[in-house]
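What follows is the residue order along each chain.
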Amino acid sequence: MRKPIQITIPQPCHEKWDEMTPADKGKFCTVCQKNVIDFTMASDREIANAIRNNKNLCGRFSSSQLERDLVVPKEKSTVWTAVAAGVLSFVTLGSYKATAQEKQKVVQTENKPVKETNSTASKQNTTIKITVKDSTGLLQEAIVRNVTKKIQTSENKNGVYEIDVSLNDEINIAYKGHVMQSLIITNKNDLLVVLEDIGPIIAVGMVEVKTKPKE
């Protein structure tokens, strides 16, 4: 289990963001000669991944992203899923061969619907509606992203977004100038998400990572 981490910018850059040169994923600071990644609409998972891949990271963050534990939901283990699938396939094949060698009896049965199990239901896709708003009203230019399925949408009808989900999918909802919200799908009901305005405080500079001891 990874230790919780926090990020801070001990020496904020005083260069003006609007005057920096546009670059991939952010801007380029000609004074520092560094690429500055814009994380203001990034999820905690995206920030954590960027930190792991770059030890000398320079970024732009909202105040709500600093000096707190990064929340990164656990991903499902694909290894054990593959092992379980292989075992099930082997057992099913063996059972089929053994049954095929026996004399079969033809029995007429009634056609009854198969009851949906929890595991089957969790894997099925469904489209839900997510209404996004803040304290002033509905937000029509948000980005709703299914992190698990790697799909996203910005199309909406008066602040109502539709996206395909399955149970346990991780969903991120982001809107410029607001705190991004992450949630896990626990049912197939439509959702109402209220985003918080982050205010004008933005920090730019070299990232310092703090690792908290396990409690």
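Our next topic: the overall build of the chain. Within the chain one finds three helices and 16 strands. The proportion of buried residues among the 215 residues of the chain is 30%. Counting only contacts in the chain whose residues sit at least 6 apart along the sequence, the fraction spanning at least 24 positions is 55%. Total accessible area computed for the chain in this model is approximately 15,400 Å², and 52% of it derives from carbon and sulfur atoms.

Turning to the nonpolar core, a few remarks are in order. In this structure, I130, V132, V144, I171, I173 and L195 are the most contacted members of the largest nonpolar core, which totals 16 residues. At the level of elements, β6 (126-134), β11 (160-165) and β12 (170-174) are the ones that each hand at least two residues to this core. Among residues more than four places away in sequence, those in contact with V144 are I130, V132, I151, Q152, T153, Y161, I163, I171, N172 and I173. Of all hydrophobic cores here, the second largest spans 15 residues; its members include F39, A48, A50 and V207.

On to the sheet that holds strand β3 (residues 26-29), then. Pairing in this open sheet of five strands is mixed, and the strands run β2-β3-β4-β5-β15 from one edge to the other. The two strands at the open ends of the sheet, each matched to only one other strand, are β2 (21-23) and β15 (202-206). Strand-to-strand twist in this sheet, taken as the mean axis angle between neighbours without regard to direction, amounts to 30°. Bridging between strand β4 (residues 34-38) and strand β5 (residues 58-62) involves two bridges; their strand directions are parallel. Residue pairing for β5: D38 is matched across the bridge by R60.

Turning to the sheet that holds strand β9 (residues 151-153), a few remarks are in order. Here we have four strands laid out as an open sheet, ordered β9-β8-β12-β13, and antiparallel in their pairing. Across the chains shown, the open sheet's two edge strands, defined by having one partner strand only, are β9 and β13 (181-184). Sheet twist, expressed as the average angle between the axes of neighbouring strands with direction ignored, equals 20°. Bridging between β12 and β13 involves four bridges; their strand directions are antiparallel. Across the sheet, residue I173 finds its bridge partner in β13, namely Q181.

Turning next to helix α1 (residues 44-53). Residues of α1 that are buried: D44, R45, I47, A48, A50 and I51. Contacts made by the buried residues of α1 are with β1 (5-8), β5, β12 and β16 (208-211).

Rules of the game
Residues numbered from 1 in each chain as written. Predicted model: local features only at pLDDT ≥ 70, side-chain atom pairs only at ≥ 80, totals over all residues. Heavy atoms only, no water. Helix = DSSP H or I, 4+ residues; strand = E, 2+ residues; numbered from the N terminus. Buried < 20%, exposed > 50% of the residue type's maximum accessible area, 1.4 Å probe, protein only. Contact = heavy atoms within 4.5 Å. Areas by Shrake-Rupley, 256 points an atom, 1.4 Å probe, with all protein chains shown as cover. Core = buried A, V, L, I, M, F, W, Y, C linked by side-chain atoms within 4.5 Å. Pairing = 2+ DSSP bridges. Axes fitted to C-alpha atoms, helices over the stretch in contact; angles between N-to-C directions.

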